[in-house]
Amino acid sequence: MEDLLSKIIEKNRYLISKGAVADYIPALSKVNPNNIGICIMDVDGNNYKTGNYDVKFTIQSISKIMSLMLALIDNGEDKVFKKIDYEPTEEPFNTLFKLDFPHTVKPSNPMINSGAIVTTSLIKGKGEERFNRLLNFIRTVTENPNISYNEEVYLSEKDTGHKNRAMAYLMKARGFIDGDVEEILDVYFKQCSIEVTTVDIAKIGLFLANRCKLLEQDTKVCDARIASIVTAIMATCGMYNFSGEYAATVGIPSKSGVGGGILGTIPHKMGIGVFSPTLDQYGNSIVGYGIMSDLSKELNLNIF
Ligand SMILES: NC(=O)CC[C@H](N)C(=O)O
């Protein structure tokens, strides 16, 4: 298996130069573009790791599935989806478009930034407590108590996240979010700067695949319904406005982040973590997409 994973990495390495690291968050432009890592964990307890699988990167939008899980635990499905829709969009992840349309009453889905900011606002807790609860939830699911956030990336994003700030204030003005906008944005920026490895995100994928149960301990952290909702939203919205083509060509419910990570989950089977920092025009890892396509074909993982 490791041989196959190494071959897949080498086959896709040429794609590094076809993409670019995210530089709209200045601190992200400093990452080494040449790292490529894969980690796969299945429900039988097998782990396979290759390449730079243990290099840390910022979780970015992959955090949106964790905040969604916690918001669902805190509020229940009905309350959450009163505030955010379940629907895919053909707009990019950072769009403001439609938020001010007269008939719009909520963001399209929790995987684009506007929906994710609303999701974060639904996590219970005051001030630091909200972020700490999310961080602890991520530590529990990854079984990695050392996970923390990257202060430089957090400050860089807080400093330059004008578009996120604009959409958050617009949503506040339109009554889509309650609470203090700056406080909510602060949690959002911090959650995006949490550092993980492919092992950590593969573990999250495995947790979803195992219906919200930690594999080794056989402990149920939350209701299996939450895994079902989150996996469905990953399959339809997880790769932004590339989600349709990705579902048709890869067929693995996945979530990407501009840090270069892609998390895949195959219900009842396995979790996959892939990392390579250069991105395509949608903000998805360009090598990561190549690797996920090859894994899907070689291991027959397409769920559709
Ligand atoms: N696509 C992403 O990973 C976006 C997350 C990033 N922190 C942002 O808000 O722009």
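Bear in mind that the values here come from a model prediction, so they are computed numbers and not experimental data. (Residues numbered from 1 in each chain as written. Predicted model: local features only at pLDDT ≥ 70, side-chain atom pairs only at ≥ 80, totals over all residues. Heavy atoms only, no water.)

### A word on the overall build of the protein
Along the protein, the regular secondary structure elements total 12 helices and 9 strands. Since a compact globule built from 304 residues should have a radius of gyration of about 19 Å, the 18 Å found for the protein is in line with a globular shape. Split into buried and exposed, the 304 residues of the protein put 58% on the buried side. Put simply, of all contacts in the protein between residues at least 6 apart along the chain, 69% involve residues at least 24 apart. Surface exposure of the protein reaches about 12100 Å², of which carbon and sulfur atoms provide 49%. (Helix = DSSP H or I, 4+ residues; strand = E, 2+ residues; numbered from the N terminus. Rg over C-alpha atoms; globule rule 2.2 N^0.38 Å. Buried < 20%, exposed > 50% of the residue type's maximum accessible area, 1.4 Å probe, protein only. Contact = heavy atoms within 4.5 Å. Areas by Shrake-Rupley, 256 points an atom, 1.4 Å probe, with all protein chains shown as cover.)

### Re the nonpolar core
Core analysis: the biggest nonpolar cluster contains 58 residues, and Ile-65, Met-66, Met-69 and Val-230 have the highest contact counts within it. When residues of this core are assigned to domains, at least three map to each of domain 1 (2-57 + 197-299) and domain 2 (61-192). Ignoring sequence-local partners within four residues, the contact set of Met-69 consists of Phe-137, Ile-204, Phe-207, Leu-208, Ile-226 and Val-230. Judged by nonpolar contacts, the second largest core, of 25 residues, contains Ile-9, Tyr-246, Ile-262 and Val-287. (Core = buried A, V, L, I, M, F, W, Y, C linked by side-chain atoms within 4.5 Å. Domains from an automatic or database assignment.)

### As for the site of the ligand
All residues in the neighbourhood of the ligand are listed as Tyr-24, Gln-60, Ser-61, Phe-93, Asn-113, Glu-157, Asn-164, Tyr-188, Cys-192, Tyr-240, Gly-257 and Val-258. With respect to the ligand, the side chain of Ser-61 contributes an N or O atom lying 2.7 Å from an oxygen atom. One of the side-chain N or O atoms of Tyr-188 is found 2.8 Å from an oxygen atom in the ligand. In the complex, 99% of the free accessible area of the ligand, which totals 300 Å², lies under the protein chains. (Near = heavy atom within 4 Å. Polar contact = N/O pair within 3.5 Å; in protein donor to acceptor, adjacent residues only side chain to side chain.)

### Some points on the environment of Leu-295
Along the chain, Leu-295 falls in helix α12 (residues 286-298). Here the alpha-carbon distance between Leu-295 and Ile-252, two residues 43 residues apart in the chain, equals 9.8 Å. When residues no more than four places from it in sequence are discounted, the contact partners of Leu-295 are Leu-5, Ile-8, Ile-38, Ile-40, Ile-272, Val-274, Asn-300 and Leu-301.

### Quick look at helix α9 (residues 198-209)
Along an α-helix, a turn takes 3.6 residues, which lines up residues three or four apart on a common side. An ideal rise of 1.5 Å per residue puts 16 Å on 12 residues; α9 measures up with 16 Å between its terminal C-alpha atoms. Taking burial as the measure, the 12 residues of α9 include 11 buried ones, the bulk of the element. Taken residue by residue, α9 has Thr-198, Asp-200, Ile-201, Ala-202, Lys-203, Ile-204, Gly-205, Leu-206, Phe-207, Leu-208 and Ala-209 as its buried positions. Directly beyond the C-terminal end of α9, a positive phi value near 55 degrees is found at Arg-211. (Expected span 1.5 Å × (residues − 1).)

### Quick word on the domain arrangement of the protein
Split into domains, the protein comes out as domain 1 (2-57 + 197-299) and domain 2 (61-192). Between the C-alpha centres of domain 1 and domain 2 there is a distance of 21 Å. Counting from both sides, the interface comprises 36 residues of domain 1 and, opposite them, 34 residues of domain 2. Carbon and sulfur atoms supply 74% of the area buried between domain 1 and domain 2, which totals about 2900 Å² over both sides. When the buried area of domain 1 at its contact with domain 2 is split by residue, Ile-233, Tyr-240 and Lys-255 rank highest and sum to 17% of it. Joining domain 1 to domain 2, the criterion identifies 3 salt bridges. We note a salt bridge from Lys-30 to Glu-152, for which the minimum N-O separation is 2.4 Å. Counting across the domain 1 and domain 2 interface gives 8 residue pairs in polar contact (both at pLDDT 80 or more). (Buried area = accessible area lost by both parts, 1.4 Å probe. Salt bridge = Lys/Arg side-chain N within 4 Å of Asp/Glu carboxyl O.)

### Focus: unusual backbone geometry
Comment: phi is negative for the bulk of residues other than glycine, and the bulk of peptide bonds are trans. Despite not being glycine, Lys-98 has its phi angle at roughly 80 degrees, a positive value. Here Lys-98 shows up in the loop between α3 (77-83) and α4 (113-121). The backbone of Arg-211 shows a phi angle near 55 degrees, a positive value even though the residue is not glycine. Looking at where Arg-211 falls in the secondary structure, it is placed in the loop between α9 and β5 (213-214).

### Quick word on the UniProt feature "binding site: substrate" (unreviewed entry) in the protein
Look at the UniProt record and you will see "binding site: substrate" (unreviewed entry) annotated at Ser-61, Asn-113, Glu-157, Asn-164, Tyr-188, Tyr-240 and Val-258. Within the annotated group just given, the residues that line the largest cavity are Ser-61, Asn-113, Glu-157, Asn-164, Tyr-188, Tyr-240 and Val-258. Within the secondary structure layout, Asn-113 lies in helix α4. Here Asn-113 falls in the buried class, since its relative accessible area comes to 4%. Beyond its immediate stretch of four places on either side in the chain, Asn-113 contacts Ser-61, Lys-64, Phe-93, Asn-94, Asn-164, Met-167 and Tyr-188. Contact partners of Tyr-240, with chain neighbours within four places excluded, come to Ser-61, Lys-64, Phe-93, Met-111, Lys-255, Ser-256, Gly-257, Tyr-282, Gly-283 and Asn-284. Separated by 3.0 Å, the side chains of Tyr-240 and Ser-61 make a polar contact. (UniProt positions renumbered as here; feature names shortened; annotations may be inferred. 1 Å grid on protein atoms, 1.4 Å probe; cavity = no way out; pocket = protein on both sides within 12 Å on 5 of 7 lines; lining within 4 Å.)

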